[in-house]
Amino acid sequence: MKAFLILCEGGIIVTDDDLNIVFAKRYADEPFKTFNRIQNGEFTPEIDEVLSKAVEKGFDEFVVMGERLRDSLVEKGFKAETFTANELGRIWLNRVELMVRSGLASQEESLSIIRDFAIERSEAKLRELSSKLDLQLVESIQALDEVDKSINLLATRVKEWYGLHFPELASIISDLKTYCRFVVKYGRRDRLNREGLIEDDLPEKKVNAILNAALRSKGGELRDEDLKGLMKLSEEILHLFDLKEYLMKHVIETIEQVAPNVAMVAGPTVGARLIAKAGSLEKLAQLPSSTIQILGAEKALFRALRTKSKPPKHGIIFQHPAVHSAPKWQRGKIARSIANKIAIAARIDLYRGGKEKWLEDDLKKRLEEIKVKYSEPPTIDRKKLKEVKKRGKGS
Amino acid sequence: MVKEVNRLRKVKVDGEERLATLNLAEGIQVYNERLIKLNGLEYRVWDPFRSKLAAALLKGLKENPIDEGIKLLYLGVSTGTTASHISDIIGEKGILFGVEFAPRVAREFIDRVVKYRRNVIPIIEDARRPDRYFSIFGKVDVVYCDLAQPDQTDIAILNCKRYLKNGGHLLLVVKSRSIDVTKQPKEIFKGEAEKLENEGFRVNQIINLDPFDKDHALIDAIME
């Protein structure tokens, strides 16, 4: 005789193949955990009891939910199969009625059992979803970009502020980190000395320029209190530079684990930004390469769609050195071939893993080809250009 | 049936007429909305700028299928702003299944809405895969769909065929810009309504949600 073993939130319901209730067994405690263990093919006291009782009643064949449970039953010597999708769908939707009919729980109890179970299941699912490594990558690259923005913002302030005292310095030292280090080290311009500047690895020419400028500076005096604030701010900026370096290393390490092929083809930071923009590695792998090519240029794309003017050639991919260092007329082609390879790389990273060197080799070959084939700027058809421009502005 | 209290009503707040729902989780706010007492009952003021259903009600939804005791499947429940008001309206005898896939907002939905409301059941799944909704049971009276996906109408239809009772309502929020930015919103609303009609729905009403939400409409359709 055939029995249905219906594993639901409230317990195990045993019916014959006409869905007439034979008996039911509640889970002892922790329904969610017990349910999962049974469905994964583990023999808990509940399922053991159900099986021996069913055998006593003359059942020798079982229809169950889930292949793993079926396999463990078969291993134990039972005849077992799984429900068809249709059967299961129908039974599952009516399980509240089954729970009530089998005496497992009242209508009201069933609802609260299902709800508590759903909350636990959702929370477990959320934990699983948010422990994915690519989400860590998304957060860390965004943190890196935000730290970078903060550095620019704050260091520009230091330049303005210190500029009151020593305005000539900004045009000599343009690098923000060097500038901040200078402020921390010397404070007032009259504390400058040649030995110190040479120690800082500044070239001879710059050292002279700084010393000269300091002698003739048109800047005003600094009070001690102001200098103190300024130096504290500069110190914090230097800490942010350390943080940036640390995060950069972290991003590179993480993307090497999560998506080594994307990292290889796009470069680690561009790769990480693409994954962040798409939302996750899975989402990036599902995008067509034409979308990857202009990811990050949505504003330009939608403007182009609205006005029927030319669409953008690149978004985040522009940051790839092969794109931004190339002459303008080659960039679209280069961006397209890189995007093609990134699309393939993301899919390999998501579904198969392992590093595929040929991706990089193919890409290099193609980039070489573009450089040779399109070495000269295209001749521009003036008349056509005018037309395109007109269309872009109109409508 | 004589209803004892109005679960959904208009109230005057600071001289302005506003929608409000009877708070099922007394004393608890979901999104910093105003709580007001009326004849000893606590109501939550419903902001039409934050909830498209409220906007549709104010713009004249003729036949509101959301009533006390009904069962509803909500696709794209997000953080649960609208869902909390629906939970108020359907009351303790109703059930709302809230489907959301994005972990960030789903977490907020569970912490802010599900935990305080016995009539809400969370489902963390992709609305494209209704066969994977584990916690749902029975068929529902209403499917409310607010997904902002280009293929959202197809997704809604897929869900209705599986879980909506015959004669049940589909409330479909259409964001024209997530379907095609180049077309006129009006054309898109018409196109989506036609899609529904081809699949055996009868379109009751198309409500433009302007000025509460630009380029949005709510389509009320019945599956026959």
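Preceding this paragraph is the structure being described.
Keep in mind that this is a model prediction, so the values were computed, not measured.

Engineer: Kindly report on the interface of chain B and chain A, identifying the contributing residues and their values.
Structural biologist: Taken residue by residue, the interface counts 26 residues in chain B and 23 residues in chain A. Each partner contributes to the roughly 2200 Å² buried at the junction of chain B and chain A, and carbon and sulfur atoms together form 67% of this total. Counting the surface chain B buries against chain A, the share from its top three residues, B:Arg118, B:Phe134 and B:Phe137, is 31%. Counting every contact that joins chain B to chain A gives eleven residue pairs in polar contact (both at pLDDT 80 or more). Elements with a minimum of two residues in the side of chain B that touches chain A: helix H3 (103-112), strand S7 (120-123) and helix H4 (152-163) of chain B. Considering only residue class, the side of chain B that touches chain A consists of 17 nonpolar, three polar and six charged.

Engineer: So what's going on with unusual backbone geometry? Residues and values would help.
Structural biologist: Residues and elements named next belong to chain B. Cis geometry marks the peptide bond from Asp210 to Pro211, where omega comes out at 5°. Within the fold, Pro211 resides in the loop between strand S10 (201-208) and strand S11 (216-223). Look at Asn32: it is not a glycine, yet its phi comes out positive at around 65°. Within the secondary structure, Asn32 sits in the loop between strand S2 (16-22) and strand S3 (35-38).

Engineer: Report on the pattern of salt bridges, specifying residues and quantitative values.
Structural biologist: Applying the stated criterion across every chain, the model contains 41 salt bridges over all chains. Taking the shortest distance from any N to any O, the salt bridge between B:Glu125 and A:Lys125 comes out at 2.5 Å. Separated into two different chains, B:Glu125 in the loop between S7 and strand S8 (140-145) and A:Lys125 in helix H6 (residues 107-130) make up a pair that spans both. The buried category is assigned to B:Glu125, whose relative accessible area is 8%. Ionic contacts of the salt-bridge type, sharing partners, join the residues B:Glu33, B:Arg44, B:Asp88 and B:Arg117 into one network.

Engineer: Just give me the short version of empty space enclosed by the protein, but keep the residues and values in it.
Structural biologist: A water-sized probe rolled over the atoms picks out the places where empty space is left. Across all of its chains, the model carries one cavity of 30 Å³ or more by this definition. Of the volumes computed, that of the largest cavity is approximately 80 Å³. Around the largest cavity sit A:Ala118, A:Arg121, A:Ser122, A:Lys125, B:Pro122, B:Ile123, B:Ile124, B:Glu125, B:Tyr133, B:Phe134 and B:Ser135, which together line it. Among the secondary structure elements, those contributing two or more residues to the lining of the largest cavity are H6 of chain A together with S7 of chain B. For the lining of the largest cavity, the element with the most residues is H6(A), which contributes four residues. Its residues assigned to classes, the lining of the largest cavity comprises six nonpolar, two polar and three charged.

Engineer: Before we move on, can you summarise the sheet that holds S3(B) with the specific residues and values?
Structural biologist: Residues and elements named next belong to chain B. An order of S1-S2-S4-S3 is seen for the four strands of this open sheet, with the pairing classed as antiparallel. This sheet does not close on itself; its edge strands, each paired only once, are strand S1 (8-13) and S3. When strand polarity is set aside, the average angle formed by the axes of neighbouring strands in this sheet is 50°. Here S2 pairs with strand S4 (residues 41-46) via four bridges, running antiparallel. Counterpart to Leu22 in the pairing with S4 is Tyr43. Relative to the sheet, helix H2 (residues 81-90) contacts S1, S2 and S4, its axis offset from that of S4 by approximately 145°.

Analysis parameters
Residue numbers restart at each chain and count upward from 1, following the sequence in its written direction. As they are written, the chains are lettered A onward and the ligands numbered 1 onward, keeping that order. In keeping with the model being predicted, local features are shown solely for residues with a pLDDT of at least 70 and side-chain atom pairs are shown and tallied solely at 80 or more, while totals for entire chains, interfaces and linings include all residues. Side-chain numbers here rest on the full set of heavy atoms in the structure, without hydrogens or water. Contact definition: two residues touch when any of their heavy atoms are within 4.5 Å. Put simply, buried area is the surface a 1.4 Å probe can reach on two separate parts but cannot reach once they are joined, added for both. Whenever two N or O atoms come within 3.5 Å, that pair is a polar contact, provided that in protein one can donate a hydrogen and the other can accept it, and provided that, for residues adjacent in sequence, both atoms are side-chain atoms. Runs of H or I in DSSP of at least four residues are treated as helices and runs of E of at least two as strands, each being numbered from the N terminus. Any residue that is not Ala, Val, Leu, Ile, Met, Phe, Trp, Tyr, Cys, Pro, Asp, Glu, Lys or Arg is counted as polar, Gly included; the first ten are nonpolar and the last four charged. For salt bridges, the criterion is a side-chain nitrogen of Lys or Arg within 4 Å of an Asp or Glu carboxyl oxygen. Throughout, exposure labels follow a simple rule: accessible area from a 1.4 Å probe, protein chains only, divided by the maximum for the residue type, with under 20% read as buried, over 50% as exposed, and the rest as partly exposed. Only protein atoms enter the 1 Å grid, on which a cavity is a set of points fitting a 1.4 Å probe that cannot get out and a pocket is an open set with protein on both sides within 12 Å along at least 5 of 7 lines, lining residues being those with an atom within 4 Å of a point. Grid points are joined across faces, edges and corners, and a volume is the space filled by probe spheres set on the points. A strand pair is defined by DSSP finding two or more bridges across the two strands. Note on geometry: axes are C-alpha line fits, over the in-contact stretch for helices, and angles between N-to-C directions span 0 to 180 degrees.

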